[in-house]
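Structural overview for review
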Amino acid sequence: MACEKKSVSNFAAKVGLVLLAGCILGPITLATMFRNHAVPLQTLGSASSVLWGEERISSHRSGTNEGPVLCDFSSSRSDVCELKGDVRILPNATILHHHPSARRQSWKMKPHARKNDPHALAHVTSVTISSSHAATDHPSAPRCTANHTSPAVVFSAGGYAGNMFHDLTDVLVPLFITTRRLGLGIDGDVHLLVRDAPPWWLDRFRPLLRGLSRHDAIDMGRAGNSGGGSVLCYPRVVVGLEFHKEMSVDATRTAGKYSMADFALLARRSYGLTRDTAIRLRGHRSIDGGGRRPRLLLISRKSTRAFTNAGAVARAAAAAGYEVVVGEPSARERDLAPFARVVNSCDVLVGVHGAGLANLVFLPAGAVVVQVVPLGGMDAMAAEDFGAPARDAGLWYVHYGVAVEESTLAGRYPRDHRVLRDPAAVRREGWVAFRETYLVGQNVTIDVRRFRGALRRAMELLR
């Protein structure tokens, strides 16, 4: 009996040691597996636009430049994967990757910098990536029809294409960041492979795309275009675009190597704009040394969040000493250059919160952006969307929040209604209710006397 008890005790002790070792070694093993992995385990699921295939892909930031597959899924806005080795891009949105050090794995991702927005992603084509260490894993892989030594970036221009703000914040600025951070295309030697781009979109932004690459952008979604029906092969491919912040570059993440001011300069050069510095006024006068008055562009929206008294605003600006231009670009105009030249000729840009203000990228450095912010408690959002990008681009920024009496909502609701009194309550009902109430259902009637303060402030900044 004593021997039985001793055996049981020894067995229990051994089991205890095994369990203890498991408790200690388990976390160590997991820590080793995910060492240097920037993605928390919980982000590797449905919250991301990445879908897993045969096995979970190793995910981490690509700052070490090591390994044939380097992915970063930690951003709430975009997923980015870098592939090195034999990379074959098929016209059916499939990418085959071979490298002796690669593991066999496959996954899908949507290469667009709005990954948690289902409405935007509904217009973005999924890309399937299949990676392995041997070409025999893809025995039916088609042969290359074009071999390139340059790197390539695969991205989607879908989402909210046609909205100037989204074209910049979701596609073009992230494309600039991606090519610069990864050292791609410093000399323009990078191929840009785009999907979901309407023909007018490619025409509209072709000058800027050519500013990023000396090669024509390849429309991967249309057979017959350059590369459209080919199997393109590269030694290095980046899938997806890196996102920093709304319509801007976070200079703290670039070590001073590039900034939003550099993107604005690129935009001006791409569209042949030669004016790099805004007017500088002398003393308290509203003219410069050559007798010229500052030029003000009033963005006059025709539908939602429109000025109901644009004429009165223009007259007030003229009385304040500005030469006034009134206009708004067409959302799907193929040739953006004419309007870009108008913007570049101005020193002050005035508009209600909306996509038209995204044209600030064409203003000369030192110009002023005046954003008119409607009711709805959207001051923080407005400042993030256009205030911060304006400052980052080397511009001055003036924030004008409308009074209740300046909103057309004041004529539709009693003064104590929650729409006027408590926008946060409407926001709690969801984005659709907020959008329909404040972004779609509201115009602005400016109190020109009150607005004179903003006009004076802009004039002061030009001094």
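Residues numbered from 1 in each chain as written. Predicted model: local features only at pLDDT ≥ 70, side-chain atom pairs only at ≥ 80, totals over all residues. Heavy atoms only, no water.

1. Some points on the pairing of strand S5 (residues 105-109)
The two faces of the sheet receive side chains in turn, since in a regular strand these alternate between them. For S5, the tally of buried residues reaches four of five residues, placing the bulk of the element in the interior. As judged from the five bridges shared by S5 and strand S6 (residues 127-132), these two strands associate in the antiparallel manner. In the sheet register, glutamine 105 faces S6, and the bridge partner there is serine 131. (Buried < 20%, exposed > 50% of the residue type's maximum accessible area, 1.4 Å probe, protein only. Helix = DSSP H or I, 4+ residues; strand = E, 2+ residues; numbered from the N terminus. Pairing = 2+ DSSP bridges.)

2. What to know about the nonpolar core
Within the largest apolar cluster, 104 residues are counted, with the highest numbers of intra-cluster contacts made by Trp201, Leu360, Phe362 and Phe451. Looking at this core, the element that brings in the most residues is helix H3 (residues 164-181), giving nine residues. Filtering out sequence-adjacent residues up to four positions away, leucine 360 remains in contact with Met247, Leu349, Val369, Phe386, Pro389, Ala390 and Leu395. Membership of the second largest hydrophobic core comes to 21 residues, among which are Ile95, Trp107, Ile218 and Val239. (Core = buried A, V, L, I, M, F, W, Y, C linked by side-chain atoms within 4.5 Å. Contact = heavy atoms within 4.5 Å.)

3. Quick notes on empty space enclosed by the protein
One pass over the structure, following the stated rule, counts two cavities of 30 Å³ or more. Each pocket or cavity is described by its volume, and for the largest cavity that value is around 40 Å³. Along the walls of the largest cavity sit Ile89, Leu90, Ala93, Thr94, Ile95, Val127, Val154, Arg195 and Met220, which together make up its complete lining. Secondary structure elements with two or more residues in the lining of the largest cavity: strand S3 (80-90) and strand S4 (94-98). Of the residues in the lining of the largest cavity, the class split is seven nonpolar, one polar and one charged. Met164, Leu168, Phe205, Leu208, Ala267, Tyr271, Leu336, Val361 and Phe362 are the residues that line the second largest cavity. If you list the elements that add at least two residues to the lining of the second largest cavity, you get H3 and helix H4 (199-212). Of the residues belonging to the lining of the second largest cavity, the class tally is nine nonpolar, no polar and no charged. (1 Å grid on protein atoms, 1.4 Å probe; cavity = no way out; pocket = protein on both sides within 12 Å on 5 of 7 lines; lining within 4 Å. Points joined across faces, edges and corners; volume = space filled by probe spheres on them. Nonpolar A, V, L, I, M, F, W, Y, C, P; charged D, E, K, R; others polar.)

4. Observations regarding unusual backbone geometry
Of note in this structure, methionine 247 is not a glycine but carries a positive phi near 45 degrees. Inspection of the secondary structure puts methionine 247 in the loop between strand S11 (232-239) and helix H5 (260-270). Here the phi dihedral of arginine 305 falls at roughly 50 degrees; this positive angle occurs in a residue that is not glycine. Looking at where arginine 305 falls in the secondary structure, it is placed in the loop between strand S12 (295-299) and helix H6 (310-319).

5. Things to note about the pattern of salt bridges
One side chain can pair with another of opposite charge once the charged atoms of both are near each other. One pass over the full model with this rule turns up 25 salt bridges. Close ionic contact of arginine 268 with aspartate 276 constitutes a salt bridge, the shortest N to O distance being 2.9 Å. Residue class for arginine 268 comes out buried when judged on its relative accessible area of 6%. By relative accessible area, which is 24% here, aspartate 276 ends up partly exposed. Glutamate 405 is the partner of arginine 415 in a salt bridge, and the nearest nitrogen-oxygen pair spans 3.0 Å. One end of the pair, arginine 415, is in the loop between strand S16 (396-401) and helix H9 (418-421); the other, glutamate 405, is in the loop between S16 and H9, with 10 residues separating them in the sequence. (Salt bridge = Lys/Arg side-chain N within 4 Å of Asp/Glu carboxyl O.)

These results come straight from atomic positions and should not be treated as a statement about function.
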